[in-house]
Amino acid sequence: MALSYEKVIEKYEPVLGLEVHVELGTKSKMFCGCSTEFGAPPNTQVCPVCLGLPGALPAVNGKAIEYTIAIGLALNCSIAPFSRFARKNYFYPDMPKNFQTSQYDEPICFGGFLDVKIDTEEGVKDYRVEIERVHMEEDTGKSLCHQTSDWNW
Ligand SMILES: [Zn+2]
């Protein structure tokens, strides 16, 4: 037998989680010197690191670290003294090398919060949004779909 809406709300507490992506204003990508500028022709802002070619070693973007720590501090997070990247294995056309360098179990910032004010029927109330983590991950590409009529057969 299904519970009524009122019984469900009485019995359970809704807990929602959001994953929010932010693009940092760096001039180059997270792990190489390739430009992040929008609007360039396809395949002009890639290098052996982006393509995951054998022997290509990523080097972390120091400005991205600085910006991410600033975000963590703004969100009242603890800043980890040690942080680690991991490979997230998947295939998708925006990352055809089959893995994305991301953070998993050791993010750079964790355990924060953001206090916000929300309008309710009883007036404006304070609400604390807990922040589990802030982490960094590799830029993905932009996929463009071409009509076959554009191709020069
Ligand atoms: Zn690159």
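Here the structure is a predicted model, which means the values were calculated and not measured. (Residues numbered from 1 in each chain as written. Predicted model: local features only at pLDDT ≥ 70, side-chain atom pairs only at ≥ 80, totals over all residues.)

### Brief notes about the sheet that holds strand β4 (residues 109-120)
- The strand order β1-β4-β5 describes an open sheet built from three strands, whose pairing is antiparallel. In this open sheet, the two strands that pair with only one neighbour each are β1 (78-79) and β5 (123-134).
- Taken together, the two bridges between β1 and β4 define a ladder with antiparallel strand orientation. Of the residues in β4, the one forming a bridge with S78 is F110. (Pairing = 2+ DSSP bridges. Helix = DSSP H or I, 4+ residues; strand = E, 2+ residues; numbered from the N terminus.)

### Regarding the environment of R84
- Following the sequence through the fold, R84 ends up in the loop between β1 and β2 (86-89).
- Residue class for R84 comes out exposed when judged on the 11 C-beta atoms lying within 10 Å of it.
- As a C-alpha pair, R84 and E106 span 22 residues in sequence and 5.5 Å in three-dimensional space. (Buried ≥ 20, exposed ≤ 12 C-beta atoms within 10 Å, placed from the backbone.)

### Quick look at the pairing of β4
- Relative to β5, β4 runs antiparallel, the two being bridged by 11 bridges. Across the sheet, residue K117 finds its bridge partner in β5, namely D126.

### Brief notes about the environment of P107
- Following the sequence through the fold, P107 ends up in the loop between β3 (99-102) and β4.
- The contact partners of P107, leaving out residues within four places of it in the chain, are A80, S83, R133, V134 and H135. (Contact = placed C-beta atoms within 7 Å.)

### Details of the environment of F91
- Considering the arrangement of structural elements, one finds F91 in the loop between β2 and β3.
- For F91, a count of 9 C-beta atoms within 10 Å puts it in the exposed group.
- Beyond its immediate stretch of four places on either side in the chain, F91 contacts P96 and N98.

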